[in-house]
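Residue strings, one per chain:
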Amino acid sequence: ANTAWAFATLGVHAPQLFDAIARESEKRVGTFKPQEIANTAWAFAKAGVPAPQLFEAIARESEQRVGSFNPRDLVTTAWAFAIV
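Residues numbered from 1 in each chain as written. Predicted model: local features only at pLDDT ≥ 70, side-chain atom pairs only at ≥ 80, totals over all residues. Heavy atoms only, no water.

**Q** Requested: an account of the environment of A80, with residues and values cited.
**A** With respect to the helices and strands, A80 occurs in helix α5 (residues 71–83). The exposure class of A80 is buried, given its relative accessible area of 0%. Placed 19 residues apart in sequence, A80 and E61 show a C-alpha to C-alpha distance of 15 Å. Ignoring sequence-local partners within four residues, the contact set of A80 consists of A41, W42, A45 and F55. (Helix = DSSP H or I, 4+ residues; strand = E, 2+ residues; numbered from the N terminus. Buried < 20%, exposed > 50% of the residue type's maximum accessible area, 1.4 Å probe, protein only. Contact = heavy atoms within 4.5 Å.)

**Q** Describe in detail the packing of helix α3 (residues 34–47) against helix α4 (residues 52–65), supporting the description with residues and values.
**A** The geometry of α3 relative to α4 is characterised by a closest axis approach of 11 Å and an angle of 150° between their N-to-C directions. Regarding the angle of α3 to α4, the classification is roughly antiparallel. The element α3 and its partner α4 pack so that their crossing is left-handed. When α3 is examined against α4, the residues P34, I37, T40, A41, F44 and A45 are found in contact with a partner set consisting of L54, F55, I58, E61, S62 and R65. Per-class residue counts for the contact of α3 with α4 are eight nonpolar, two polar and two charged. (Axes fitted to C-alpha atoms, helices over the stretch in contact; angles between N-to-C directions. Parallel < 35°, antiparallel > 145°, perpendicular 65-115°, else oblique. Left-handed = near helix turned anticlockwise from the far one by under 90°. Nonpolar A, V, L, I, M, F, W, Y, C, P; charged D, E, K, R; others polar.)

**Q** Before we move on, could you go through the environment of A47 and cite the residues and values that matter?
**A** Its location among the elements puts A47 in helix α3. The spacing of A47 and I58 is 11 residues in sequence and 17 Å in space, taken between C-alpha atoms. Beyond its immediate stretch of four places on either side in the chain, A47 contacts A8 and F18.

**Q** So what's going on with helix α2 (residues 15–28)? Which residues, and what values?
**A** Here α2 spans 20 Å end to end across 14 residues, near enough to the 20 Å set by a 1.5 Å rise per residue. Of all the positions in α2, only F18, I21, A22 and S25 are classed as buried. Buried positions in α2, seen along its axis, are confined to an arc of 105° and lie on one side of it. For α2, the exposed residues set more than 90 degrees away from the buried face come down to Q16, R23 and K27. Buried positions along α2 lie against α1 (2–10), α3 and α4. (Expected span 1.5 Å × (residues − 1). Arc of directions from axis to C-beta.)

Shown next as structure tokens:
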């Protein structure tokens, strides 16, 4: 989550890196804290990198744990889904 966030924040074009992060994040999203879920979704949306399987995994996990998201995590995740 932090690596994707950093690259997206800096505007670094790194599609291969984002692809690798997406593959690993799909497997591990169940272990992410709500902020990590939100930051990962934000990073991919901000970078403009399509990752439909990752967003499907994020959607499933977010739906199950929506009660543990704080308002900022909810807004960030919703924004990311609106952008992609």
